[in-house]
Amino acid sequence: STLLGILAGLDTPTSGQVLLGGTDISRMGETQLAAVRNAKIGMVFQSYNLIPTLTALENVESPLAVGRHPGDPTARAREMLALVGLGHRLKNRPYQLSGGEQQRVAIARALVTRPAIVIMDEPTGNLDRANGENVLRLISDLRLQTATTFLIATHDTTVAGAADRALHIVDGQIAA
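Caption draft 1: Structural view of the packing of helix α5 (residues 99-111) against helix α6 (residues 129-146). Between α5 and α6, the shortest axis-to-axis distance is 10 Å and the interhelical angle comes to 20°. It follows that α5 is roughly parallel to α6 by the angle criterion. Handedness of the α5/α6 crossing: right-handed. For the pair α5 and α6, contact is made by Gly100, Gln103, Arg104, Ile107 and Leu111 and by Asn131, Val135, Leu138, Leu142 and Thr146, respectively. Of the residues contributing to the contact of α5 with α6, the split by class is five nonpolar, four polar and one charged.

Printed below as a string of structure tokens:
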């Protein structure tokens, strides 16, 4: 989780650099970082972090209100919700959605800006086994459909086993 925070520019590393597209984001100011995150990095948190007063559609549209993004925000948000299988839940608020559905809204929101990378912290941590498996299949499908890189932090060996590449980190060092 700490590594994900550093890679997303939410935390500052004590040493080294974080290069994104050849640019060191570890020394950027908050305004520059916010622009980079909005354009190049999607984030999915374990607790979903959906805005409870907004509908699924509005939650997915929200990153498009910041920065410059081509096309109609509502059309793009609808497209992303359809892509994650929630085209029929546009007007539902988070409390009206299951945990798996909330996670899919969070994934749609992370993808809506067409980022190069989506960072996910324990994406199945709050889900039962069946919904967790559904989310893993969805991530695999989305990776192929969108050509987006998904970087996932997990303690779950099933999640790690579904990855193309897994790094085992112990005390801040790559162990395997």
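There's more to say after this.
Caption draft 2: A look at the pairing of strand β5 (residues 149-153). Where strand β4 (residues 117-121) and β5 come together, five bridges link them in parallel fashion. By the bridge assignment, Ile117 is partnered in β5 with Thr149. Between the parallel elements β4 and β5, the chain passes through α6 in a crossover that is right-handed.

Caption draft 3: Structural context of the sheet that holds β5. The strand order β3-β4-β5 describes an open sheet built from three strands, whose pairing is parallel. The open sheet has two edge strands, β3 (41-44) and β5, and neither has a second partner. Pairwise comparison of adjacent strand axes, ignoring direction, gives a mean angle of 20° for this sheet. With respect to the sheet, helix α2 (residues 30-40) is in contact with β3 and β4, its orientation differing from that of β3 by roughly 80°.

What counts and how
- Residues numbered from 1 in each chain as written.
- Predicted model: local features only at pLDDT ≥ 70, side-chain atom pairs only at ≥ 80, totals over all residues.
- Heavy atoms only, no water.
- Axes fitted to C-alpha atoms, helices over the stretch in contact; angles between N-to-C directions.
- Helix = DSSP H or I, 4+ residues; strand = E, 2+ residues; numbered from the N terminus.
- Parallel < 35°, antiparallel > 145°, perpendicular 65-115°, else oblique.
- Left-handed = near helix turned anticlockwise from the far one by under 90°.
- Contact = heavy atoms within 4.5 Å.
- Nonpolar A, V, L, I, M, F, W, Y, C, P; charged D, E, K, R; others polar.
- Pairing = 2+ DSSP bridges.
- Right-handed = clockwise from strand over helix to strand, strands pointing away.

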